[in-house]
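Architecture at a glance
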Amino acid sequence: QVQLAESGGGSVLAGGSLNISCVASGYTDSTNCIGWFRQAPGKEREGVAVIYTDGGAIYYADSVKGRFTLSEDTAKTTVYLQMNNLEPEDTATYYCAAGFGAWTRVPPPTAMDYWGKGTLVTISI
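Residues numbered from 1 in each chain as written. Predicted model: local features only at pLDDT ≥ 70, side-chain atom pairs only at ≥ 80, totals over all residues. Heavy atoms only, no water.

One pass over the structure, following the stated rule, counts 1 disulfide. Residue C22 pairs covalently with C96 via a disulfide, S to S 2.1 Å. One quick way to see it: the torsion about the S-S bond of C22 and C96 is about -75 degrees, and its sign makes the bridge left-handed. A residue pair is termed long-range when its members are at least 10 positions apart, and C22 in strand β3 (residues 18-26) and C96 in strand β9 (residues 92-99) qualify at 74 residues. Like C22, the residue C96 is buried in the burial classification. Considering cysteine sulfurs only, C96 is the nearest to C33, which forms no disulfide, with 10.0 Å between them. Using a relative accessible area of 3% as the deciding quantity, one classes C33 as buried. (Disulfide = S-S within 2.5 Å. Helix = DSSP H or I, 4+ residues; strand = E, 2+ residues; numbered from the N terminus. Buried < 20%, exposed > 50% of the residue type's maximum accessible area, 1.4 Å probe, protein only.)

Now the structure itself:
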């Protein structure tokens, strides 16, 4: 089992920045992919950014490229999502998720095996 705990959500004005983090614990050797997904009210959950821990490749959704940056600490137990130039459309609950796969893009949510409880990010005008 892998446990994921997010933190750092909040409310900011459009154009602002937030940094959210996810601490992974448990049997993390069973996964090679960890990252961020989000779900806005009334919408389906979608991928935002992931990193493959066995090679370091990072993939972003087109909607966040150039604005969001995913990173991890050297111990590979914490991943961060630096979100800049936030837009109202970024308002969502952001979930950390982990899984195992060989996708060359952000995988679909159904491909992930473990999920955190989420952290709410609200962007206002």
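Picking up where we left off.
Structurally, N32 can be placed in the loop between β3 and β4 (33-39). We classify N32 as buried; its relative accessible area is 5%. Only 3.1 Å separates the side chain of N32 from the side chain of D54, close enough to count as a polar contact. (Polar contact = N/O pair within 3.5 Å; in protein donor to acceptor, adjacent residues only side chain to side chain.)

Attention now moves to the sheet that holds strand β8 (residues 78-83). Read across the open sheet, the 4 strands follow the order β1-β3-β8-β7; overall the sheet is antiparallel. Of all the strands in the sheet, the pair left with one neighbour each is β1 (2-7) and β7 (68-72). With strand direction ignored, the average angle separating the axes of adjacent strands in the sheet is 15 degrees. The pairing of β3 with β8 spans 6 bridges and is antiparallel. Paired with N19 across the strands is Q82, a residue of β8. (Pairing = 2+ DSSP bridges. Axes fitted to C-alpha atoms, helices over the stretch in contact; angles between N-to-C directions.)

This brings us to the nonpolar core. Formed by 28 residues in total, the largest nonpolar core has its most connected members in L4, W36, L81, M83 and Y94. Taken together, the elements giving at least two residues each to this core come down to β1, β3, β4, β5 (46-52), β7, β8, β9 and β11 (119-124). In this structure L81 touches L18, N19, I20, W36, V48, A49, F68, T69, L70 and Y94, once residues within four positions along its chain are discounted. In this structure, Y52, A97, V106 and M112 belong to the second largest nonpolar core, which totals 7 residues. (Core = buried A, V, L, I, M, F, W, Y, C linked by side-chain atoms within 4.5 Å. Contact = heavy atoms within 4.5 Å.)

When its volume is computed, the largest pocket comes out at roughly 190 Å³. Lining the largest pocket we find 16 residues, and of these T28, T31, I34, T53 and K76 sit closest to its centre. Those elements giving two or more residues to the lining of the largest pocket turn out to be β1, β4 and β8. When its residues are assigned to classes, the lining of the largest pocket shows 7 nonpolar, 6 polar and 3 charged. (1 Å grid on protein atoms, 1.4 Å probe; cavity = no way out; pocket = protein on both sides within 12 Å on 5 of 7 lines; lining within 4 Å. Points joined across faces, edges and corners; volume = space filled by probe spheres on them. Nonpolar A, V, L, I, M, F, W, Y, C, P; charged D, E, K, R; others polar.)

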